Amino acid sequence: MAGDIDNADTPGVAVLGADGQLGRALCRALGPGRVLAWGREEFDLERPESFAARLGDLRASGGEFVVNAAAMTAVDRCESETELAWRVNAEAPGAIAELCANLGLQLVHVSTDYVFAGRGDRPWREDDPTAPLSVYGKSKLAGEERVRAAQPDALIVRTAWVFGDGGNFVRTILGAASRAARGEGPALRVVDDQRGSPTYAQHLAEGILALLEAGESGTYHLANSGVASWWELARAATQAAGLEVPIEAVTSGAFPRPAPRPAWSVLDLSRAERAGVLLPSWQKGLRAYLESPESPLRGEGE
Ligand SMILES: NC(=O)c1ccc[n+]([C@@H]2O[C@H](COP(=O)([O-])OP(=O)(O)OC[C@H]3O[C@@H](n4cnc5c(N)ncnc54)[C@H](OP(=O)(O)O)[C@@H]3O)[C@@H](O)[C@H]2O)c1
């Protein structure tokens with residue numbers, strides 16, 4: 001492990017993807033004095049020729065950590081823009097990890113439950129065999145592998161079903177539900193045959209920083225605890241919002257998508273728990289999100 005993320009003299013941490021849901025949450029959790037918030041403009045994963053100078057400057061100014069929360073997360077788009085998905089999700093993290101290793105920077109890389117196959121009968125452990133179903137999952141897995149090869153003590157955090165400050169399922173469903181409640185939109189139908197680990201970005205960010213502060217390295221699963229289907233998450237969100245609209249539970253076959261989704265995507269969280277990091281239940285995560293400044297209930301959810 002490099003150093004101390006609480007070094008008050010200089011922003012010790014650069015967050016890549018700082019305008020994304022997790023990136024924003026990380027920047028908020030770290031606070032302005034401790035973080036360099038690098039969005040696409042400051043650090044474009046499609047421009048590998050710029051990485052060395054940027055990371056070299058970070059090291060020269062006393063920075064010690066890089067958290068890569070940037071990714072091409074549009075799962076269906078990855079199916080048709082395979083080369084771009086590969087460059088952003090696989091090649092860029094590998095190149096960043098090599099530079100971090102050479103410069104003495106500690107890399108935290110964020111990955112996904114979609115590295116696993118679609119079926120299982122218990123939550124996925126970190127060392128379970130991977131078998132991604134989609135281009136997104138394959139490109140993210142390749143990113144993990146390249147990071148591990150270049151910096152074996154990098155911290156790799158796999159998470160799932162994220163909602164926070166940005167576009168996400170909870171925001172979409174609350175917008176659709178409020179339109180339906182006004183009699184404006186179609187009736188709601190949500191898949192009930194995919195189960196996973198819904199996760200509030202702010203809780204995730206705090207958990208990642210707790211793992212980092214505890215000096216952990218290697219691969220960890222981190223998500224709000226508990227299990228839900230998309231239908232259960234939709235119902236909990238609309239009930240919390242006081243929207244009394246019926247939601248029909250349907251199977252994945254009702255919504256054919258370019259990228260196949262795993263039916264079973266629940267993460268085993270016990271490794272992080274042993275390291276002292278256990279996030280609250282997804283129901284608490286949902287409540288915290290709906291009460292937060294970025295809540296879709298504050299007027300943007302439509
Ligand atoms: N969202 C989920 O449900 C989920 C589930 C499991 C794992 N994860 C992982 O968690 C991490 C954070 O995801 P998130 O939910 O915060 O996603 P997000 O809100 O989509 O944020 C990703 C950020 O990466 C940026 N980005 C994309 N291509 C880039 C490039 N070439 N250069 C620089 N930045 C680029 C995006 O910018 P633009 O908006 O300009 O494209 C966006 O700001 C990712 O590693 C993701 O794979 C997410």
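Note that the structure is a prediction, hence the values are computed from the model and not measured.

Caption draft 1: Spotlight on helix α10 (residues 282-290). Along α10, the residues that are buried comprise Trp282, Gly285, Leu286, Tyr289 and Leu290. Around the axis of α10, the buried residues are gathered within 130° of arc, so they sit on the same side. Contacts made by the buried residues of α10 are with β6 (162-163), α6 (169-181), β9 (199-200), α7 (201-213), β11 (228-229) and α8 (230-240).

Caption draft 2: Quick peek at the nonpolar core. Core analysis: the largest hydrophobic core is formed by 35 residues, its most contacted members being Val170, Ile173, Leu174, Val190, Leu233, Leu267 and Leu286. The element contributing the most residues to this core is α8, with 6 residues. In this structure, Leu45, Leu58, Leu99 and Leu107 belong to the second largest nonpolar core, which totals 30 residues.

Caption draft 3: Quick look at the sheet that holds strand β3 (residues 65-68). One open sheet accounts for 6 strands, arranged β2-β1-β3-β4-β5-β10; its pairing is parallel. Each of the sheet's edge strands pairs with one partner strand only, and the pair in question is β2 (35-38) and β10 (218-221). With direction set aside, neighbouring strand axes in the sheet form an average angle of 20°. Where strand β4 (residues 106-112) lies against strand β5 (residues 155-159), 5 bridges are found, and the strand directions are parallel. Along β5, the bridge assignment pairs Val110 with Val157. Its contacts with the sheet put helix α1 (residues 21-30) on β1 (13-16), β2, β3 and β4, and the angle it makes with β1 is roughly 160°.

Cut-off values and rules
- Residues numbered from 1 in each chain as written.
- Predicted model: local features only at pLDDT ≥ 70, side-chain atom pairs only at ≥ 80, totals over all residues.
- Heavy atoms only, no water.
- Buried < 20%, exposed > 50% of the residue type's maximum accessible area, 1.4 Å probe, protein only.
- Helix = DSSP H or I, 4+ residues; strand = E, 2+ residues; numbered from the N terminus.
- Arc of directions from axis to C-beta.
- Contact = heavy atoms within 4.5 Å.
- Core = buried A, V, L, I, M, F, W, Y, C linked by side-chain atoms within 4.5 Å.
- Pairing = 2+ DSSP bridges.
- Axes fitted to C-alpha atoms, helices over the stretch in contact; angles between N-to-C directions.

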